[in-house]
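Chain by chain, the residues:
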Amino acid sequence: MSIAAPAHVPADRVIDFDYLAPPGHEDDVHRAWHRLHDERIPPIFWTPRYGGHWIATRAADIEMMQMDHARFSHSAVTVPRQAQQVRIVPLELDPPEHTPFRALLSPRFGPRPVADLEASVRELAIGLIEGFARHGQCEFIDAFAKRLPIVVFLRLVDLPLEDRELLLEMTEASVRGDAERRAWANGQLANYVGRWIAERRANPGPDLFSAMVNAKANGREYTPQETFGMLINVIFGGLDTVAASIGFATRY
């Protein structure tokens, strides 16, 4: 859906750009976005797509916007803005509300914990490659990029490896499905996560999932919405985002 530019938007800042389908994305999505660095395109411009919104294309501007929470809040991160029952924690929080949630997660992904995982991740990667190497080819995303992070994630949160296919299906539907598939995925995720929240509160362990469901923020327990929002963030970040990054890096 496109709209007319508001009066305060200069005409030379209006570029009709669809961020969900930039021209040429079918062949190379990064090259498609790189075209926005053309000197004829303003570094910050307004597009009439999806109800109208601004797009920043330079690292310095984006970094400033990420840090300036007073003018550029993270309370809504979707375009177009969508009504959400649960906020993604801590992604959709601003400081100081954001701080205790990040303080819980950041040490778990620091240099030492990641180094401790290296040997097991390397062994897993070798096993996956050996599974398709004899064929001389593979569909890389399905055979490797999606398989590696799901196993690493399930080990971090100490969830059953047999749940990986269900989690992959829910993640795929939630990120790339239509409205009906997203609704199905959200319901499935709520049921799945809810079951494990109850189990880990009754029987906590040293895993990341137990740490999240039993942590406190500024001396109080997380609300059910905060707990669910943080778990959803970790699931999507640990599965879909990592798989996409592996695919992009390998293609490059």
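Residues numbered from 1 in each chain as written. Predicted model: local features only at pLDDT ≥ 70, side-chain atom pairs only at ≥ 80, totals over all residues. Heavy atoms only, no water.

Peer 1: How would you sum up the environment of Ser-120? Please name residues and give values.
Peer 2: Mapped onto the secondary structure, Ser-120 falls in helix H4 (residues 111–133). Overall, the relative accessible area of 28% leaves Ser-120 in the partly exposed class. Taking C-alpha positions, Ser-120 is 8.6 Å from Val-152, a pair spaced 32 residues apart along the chain. (Helix = DSSP H or I, 4+ residues; strand = E, 2+ residues; numbered from the N terminus. Buried < 20%, exposed > 50% of the residue type's maximum accessible area, 1.4 Å probe, protein only.)

Peer 1: Lay out the pattern of salt bridges with the relevant residues and their values.
Peer 2: One pass over the structure, following the stated rule, counts 18 salt bridges. Arg-71 serves as the salt-bridge partner of Asp-68, at 2.6 Å between the closest nitrogen and oxygen. Overall, the relative accessible area of 18% leaves Asp-68 in the buried class. When its relative accessible area of 61% is taken as the criterion, Arg-71 is described as exposed. Of the charged contacts in the structure, one is a salt bridge between Arg-147 and Glu-165, with a shortest N-O distance of 2.5 Å. Remark: Glu-165 occurs in helix H7 (residues 164–176) and Arg-147 occurs in helix H6 (residues 147–157); sequence separation between them is 18 residues. Each of Lys-146, Glu-172, Arg-176 and Asp-240 takes part in one network of salt bridges that share partners. (Salt bridge = Lys/Arg side-chain N within 4 Å of Asp/Glu carboxyl O.)

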